[in-house]
Amino acid sequence: MKQYLKENYKFILSIILILIVFSIRFPYYIDAPGGITDMSEKIEINGYDSEGSFNLAYVKEYRATLPTLIFSLFNKDFKVIKQDEVMLDTEDYEAYEMRDKVLMDESISNATYVAFKKANKYIKELSNKIVIIYIKESSNTDLKVGDEIISINNEKIYNKDDVTKVISNLPIGSKIDIKVKSNNKEYNRYAYIKDEDNSKIIGILISNLKEYETNPKVNVIVDKNESGSSGGLITALSIYNSLVKEDITNGLKIVGTGTIDLDGNIGSIGGVEFKLKSAVKKKADLFIVPLGENYEEAIKLKKENNYDIEIFGVSTFDEVIDYLNGKN
């Protein structure tokens, strides 16, 4: 062994150096078309079958290394994005992943609620958590990411709006007392109200996580590499379609993207160009996208590339249902 190392040390050192250089991560991410996923394969529910399908379009995201950056130079479908366009100012990769995972859980929860309510099926709230997913560097607080807010100044907090209401009624510079739960223990924390763009804030982002009892029971299968809130709309549509007799797919392959809140409002997302490319590549009949910049970008891409696909822009869940019912 000693003789082998002596004779080949230059080669071995070169290999080690190459491995080190190729594993260095740069402050960039690389986005690319990811494909589509048939949501009927991910939603477990005893419901009605469908002739068509609701499909979630997704983006593949790579952390930038020397090989992926070089490859991106020769692949027009790859887009290099600065890290600060993906992460918030105080986040590391682990915190970014955690935030995206929580947002996906909230998205699935919202989608379940909207679908069952629209279908007039039984749904009952079992638990409700207001969880901190991000704290700005400029904030003056001892709150921690992952804290579950219980009350502010002894006022019980039930949703995101409650936090805003409490803060809006207090002067800038006020110190507020916040009771939180973390690792099954309760703590008393604080935060100071600040002014930002003429709005009162304490410098946090929160997520409203709810669990429901439903009839029929529903379970959404989540893979380890999945995250983000952009699947909310399609998840809601797929669940709803399983709950009602009418097949609103009309036998079409439908691809879509968009966030959804508890009121059924559809929000904008990132990566429209990659998601539309995936839909076209998989020969989808219809691409559903949030109205506004997302829709305008999709229409522009369709014209520039002569894509053979119908594009529908929406702002609410009800609009999608009405549109699909109108295709019958």
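Since this is a predicted model, take the numbers as computed values, not measurements.

Colleague: So what's going on with a positive patch on the surface? Residues and values would help.
Modeller: Taken together, the side chains of Lys-129, Lys-156, Lys-179 and Lys-181 make up a positively charged region of the molecular surface. Structurally, Lys-156 can be placed in strand E7 (residues 155–156).

Colleague: If you had to explain unusual backbone geometry to someone new, which residues and values would you point to?
Modeller: Here the bond from Asn-215 into Pro-216 is cis, since omega is 5°, no more than 30 degrees from zero. Phi is positive for Asn-154, which is not a glycine, with a value near 70°. The residue Asn-154 is located in the loop between strand E6 (148–152) and E7 in this model. With phi around 55°, Asn-250 is a residue other than glycine that occupies positive phi space. For Asn-250, the location among the structural elements is in the loop between helix H5 (232–243) and strand E14 (253–256). Classification of Asn-250 by relative accessible area gives partly exposed; the value is 28%.

Colleague: Report on the packing of H5 against helix H8 (residues 317–325), specifying residues and quantitative values.
Modeller: Axis angle and axis distance: for two packed helices, these are the angle between their axes and the distance between the axes, and together they describe the pair. Where H5 meets H8, the closest approach of the two axes is 11 Å, and the angle between their N-to-C directions is 50°. One way to sum up the angle between H5 and H8 is to call them oblique. Seen from above, H5 lies across H8 with right-handed handedness. Taken together, the residues of H8 that come into contact with H5 (itself represented by Leu-233, Ala-236, Leu-237 and Tyr-240) are Phe-317, Val-320, Ile-321 and Leu-324. Looking at the contact of H5 with H8, its residues break down into eight nonpolar, no polar and no charged.

Colleague: Lay out the nonpolar core in plain terms, naming residues and giving numbers.
Modeller: Nonpolar side chains tend to gather and get buried jointly when the protein is soluble and globular. If you look at the biggest cluster of nonpolar residues, it comprises 34 residues, and the most contacted ones within it are Leu-233, Leu-237, Tyr-240, Ile-288, Phe-317 and Leu-324. Among the secondary structure elements, those contributing two or more residues to this core are strand E3 (53–63), helix H3 (93–118), H5, strand E17 (286–290), strand E18 (310–314) and H8. Broken down by element, the residue count for this core peaks at seven residues, all from H5. Membership of the second largest hydrophobic core comes to 18 residues, among which are Val-163, Val-166, Val-180 and Ile-206.

Colleague: I'd love a proper account of helix H4 (residues 160–168), names of residues and values included.
Modeller: Turning to H4, its buried residues number three or more, namely Asp-162, Val-163, Val-166 and Ile-167. On an axial view of H4, the arc spanned by its buried residues comes to 130°, and they lie on one face. Opposite its buried face, H4 presents the exposed residues Asp-161, Thr-164 and Lys-165, each directed more than 90 degrees away. Buried positions along H4 lie against E6, E7, strand E11 (199–201) and strand E12 (204–215).

Colleague: Can you explain the packing of aromatic side chains? Please cite residues and give values.
Modeller: Each aromatic ring pair is summarised here by two numbers: the centre-to-centre distance and the angle between the ring planes. Inspection of the entire model under this criterion finds four aromatic pairs. Between Tyr-240 and Phe-317 the ring centres are 6.0 Å apart and the planes differ by 85°, which places this aromatic pair in the edge-to-face class. With Tyr-240 in helix H5 and Phe-317 in helix H8, this residue pair connects regions lying 77 residues apart in the sequence. Both residues of the pair, Tyr-240 and Phe-317, belong to the buried class. In this arrangement the basic side chain of Lys-175 is found over the ring face of Tyr-190, its NZ or CZ atom lying 5.0 Å from the centre.

Cut-offs used in this document
- Residues numbered from 1 in each chain as written.
- Predicted model: local features only at pLDDT ≥ 70, side-chain atom pairs only at ≥ 80, totals over all residues.
- Heavy atoms only, no water.
- Patch = residues over 30% accessible without salt bridge, like charges linked within 9 Å, V, L, I, M, F, W, Y side chains within 5 Å.
- Areas by Shrake-Rupley, 256 points an atom, 1.4 Å probe, with all protein chains shown as cover.
- Salt bridge = Lys/Arg side-chain N within 4 Å of Asp/Glu carboxyl O.
- Lys, Arg positive; Asp, Glu negative; His and termini not counted.
- Charge placed at Lys NZ, Arg CZ, Asp CG, Glu CD.
- Helix = DSSP H or I, 4+ residues; strand = E, 2+ residues; numbered from the N terminus.
- Buried < 20%, exposed > 50% of the residue type's maximum accessible area, 1.4 Å probe, protein only.
- Axes fitted to C-alpha atoms, helices over the stretch in contact; angles between N-to-C directions.
- Parallel < 35°, antiparallel > 145°, perpendicular 65-115°, else oblique.
- Left-handed = near helix turned anticlockwise from the far one by under 90°.
- Contact = heavy atoms within 4.5 Å.
- Nonpolar A, V, L, I, M, F, W, Y, C, P; charged D, E, K, R; others polar.
- Core = buried A, V, L, I, M, F, W, Y, C linked by side-chain atoms within 4.5 Å.
- Arc of directions from axis to C-beta.
- Phe/Tyr/Trp six-rings, centres within 6.5 Å; stacked < 30°, edge-to-face > 60°.
- Lys NZ or Arg CZ within 6 Å of the ring centre and 35° of its normal.

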